[in-house]
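Structural characterization, general
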Amino acid sequence: MASLTAARRVVVKIGSALLVDRDAGRVRADWLASLAADIAWLKARQVDVVLVSSGSIALGREVLGLPALELQLEQSQAAAAVGQIRLARAYEEVLAPHKITTAQVLVTLEDSTDRRRYLNSRATLEQLLSLGVVPIVNENDTIATDEIRFGDNDRLAAQIAVTVGADQLILLSDVDGFYSANPADDPQARRFDVIDQITSDIEAMAGDAGSQLSKGGMKTKLMAAKTATAAGCAMAITEGSPLNPLRQLQDGAPATWFTAQTDPQTARKGWIAAIKPRGTVTLDAGAVAALQSGKSLLPAGVRAVSGNFQRGDAIAIADPTGHVLGHGLSRYTAVEARTIQGCQSGDIEGLLGYPGRAALIHRDDMAV
């Protein structure tokens, strides 16, 4: 089984039913304190942690006195607006004694499908993690409509795992793994310890959504597993309700692990290489050597820019002879790139009239 402490970066998904006491409408303080201890334990071992947490609507619903039944869209958005404050405060207060800083990051489906928004989200999360912060990610229910919703935090967690290049995704659930049938209905149902490939037979075994506060069923978890494992991220489904659920998983608690099909870096490089380029940057010999040694592409090394591309578009990277070395995601538009080509990073603000990023293409956004 995978070891949490051997991971470089872990994304943990927490459902409303685990975080919020159904009857009282309040955070389960003891459970959350134990999760905070688990996070501190991982952080002490140099593991980056990102939390994808439900709970804002469940918390806001109680404050506003809204019914326990399915809410109208406007009611859900109002409950989320109230609950988001309480959710963020709960995490901040429980992690502060461990000297861990938290940040709230709210996203919608559009933020992952639009390349510019995706890059902005990735850059923000990378910066937070580099500063030792634990981001608390949730769907932005205050503005999301059905057309721009993930709809469940299992798939959101998988997308965040892809965005940050995590090597493990942990879904804390109300069941201790993936079963051949619903164990509540079928006493002969068996749990899978490891699933190496999600076959049509595995998909046929998936059930539907479960509890009142948690929307995610096994179908959405399988969808999350497909997304995560294809991007090089192993995924586990495990029982989340016991105290210290991450330590329990590390110590051998029942779980189903979906094995990664590759590693995160290789998967990302393959994705970038497959995108049709919208333009080309031609480099000088010094920039070519820098790229081949694993460095980012700075504007100073660019001799020419062709094409009409936007920030986030893929562009070809060519050497002085015109030979294409690879592809990368541009951090500037074509117009901006032409303006700053050949200049030092410190001169970018003066040329553009506003601060810019030091690299034209970051090494993490490059396949050469």
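Residues numbered from 1 in each chain as written. Predicted model: local features only at pLDDT ≥ 70, side-chain atom pairs only at ≥ 80, totals over all residues. Heavy atoms only, no water.

1. Points about the packing of aromatic side chains
All chains considered together, the criterion is met by three aromatic pairs. Here the aromatic rings of Tyr118 and Trp271 are separated by 6.0 Å at their centres, their planes lie at 70°, and the arrangement is edge-to-face. Placement of Tyr118 in helix α6 (residues 115-130) and of Trp271 in helix α11 (residues 264-274) is noted, with a sequence separation of 153 residues between them. Residue class for Trp271 comes out partly exposed when judged on its relative accessible area of 35%. (Phe/Tyr/Trp six-rings, centres within 6.5 Å; stacked < 30°, edge-to-face > 60°. Helix = DSSP H or I, 4+ residues; strand = E, 2+ residues; numbered from the N terminus. Buried < 20%, exposed > 50% of the residue type's maximum accessible area, 1.4 Å probe, protein only.)

2. A closer look at the packing of helix α7 (residues 153-164) against helix α9 (residues 218-230)
Relative orientation of the contacting elements α7 and α9 amounts to 10°, with a least axis distance of 8 Å. With respect to α9, the axis of α7 lies roughly parallel. Touching Asp154, Arg155, Ala158 and Val162 of α7 are Thr220, Lys221, Met223, Ala224, Thr227 and Ala228, all from α9. Considered class by class, the residues forming the contact of α7 with α9 number five nonpolar, two polar and three charged. (Axes fitted to C-alpha atoms, helices over the stretch in contact; angles between N-to-C directions. Parallel < 35°, antiparallel > 145°, perpendicular 65-115°, else oblique. Contact = heavy atoms within 4.5 Å. Nonpolar A, V, L, I, M, F, W, Y, C, P; charged D, E, K, R; others polar.)

3. Let's talk about the confidence of the model for the protein
When the pLDDT values of the protein are averaged, the result is 89; 94% of them are 70 or greater. Ignoring residues within four places in sequence, the model shows residues 209-216, a span with pLDDT below 50, making 20 contacts including any to other chains. (pLDDT = per-residue confidence, 0-100.)

4. Here's the deal with helix α2 (residues 29-43)
Here α2 spans 21 Å end to end across 15 residues, near enough to the 21 Å set by a 1.5 Å rise per residue. Turning to α2, its buried residues number three or more, namely Trp31, Leu32, Ser34, Leu35, Ala36, Asp38, Ile39, Ala40, Trp41, Leu42 and Lys43. (Expected span 1.5 Å × (residues − 1).)

5. A closer look at the pattern of salt bridges
Close approach of charged atoms allows side chains with opposite charge to pair. Following the criterion strictly, the structure yields eleven salt bridges and no others. Between Glu203 and Lys226 there is a salt bridge; the shortest N-O distance is 2.2 Å. In this pair, Glu203 is assigned in helix α8 (residues 200-205) and Lys226 in helix α9, connecting sequence segments 23 residues apart. A salt bridge links Arg278 to Asp313; its shortest N-O distance comes to 3.9 Å. (Salt bridge = Lys/Arg side-chain N within 4 Å of Asp/Glu carboxyl O.)

6. What about the sheet that holds strand β5 (residues 168-173)?
Through backbone hydrogen bonds, the strands of a sheet pair up, either in parallel or in antiparallel fashion. With mixed pairing, the eight strands of this open sheet are ordered in space as β3-β4-β2-β1-β5-β9-β10-β8. The open sheet terminates on both sides in strands that have one partner only, identified here as β3 (102-107) and β8 (194-195). Strand direction decides the pairing type here: strand β2 (residues 48-53) and strand β4 (residues 134-139), joined by two bridges, are parallel. Counterpart to Val52 in the pairing with β4 is Val137. Contacting β1 (9-14), β2, β4 and β5, α2 runs over the sheet at an angle of about 150° to β2. Against the sheet, α7 makes contact with β1, β2, β3, β4 and β5, and its axis sits at roughly 165° relative to β1, the strand it touches most. (Pairing = 2+ DSSP bridges.)

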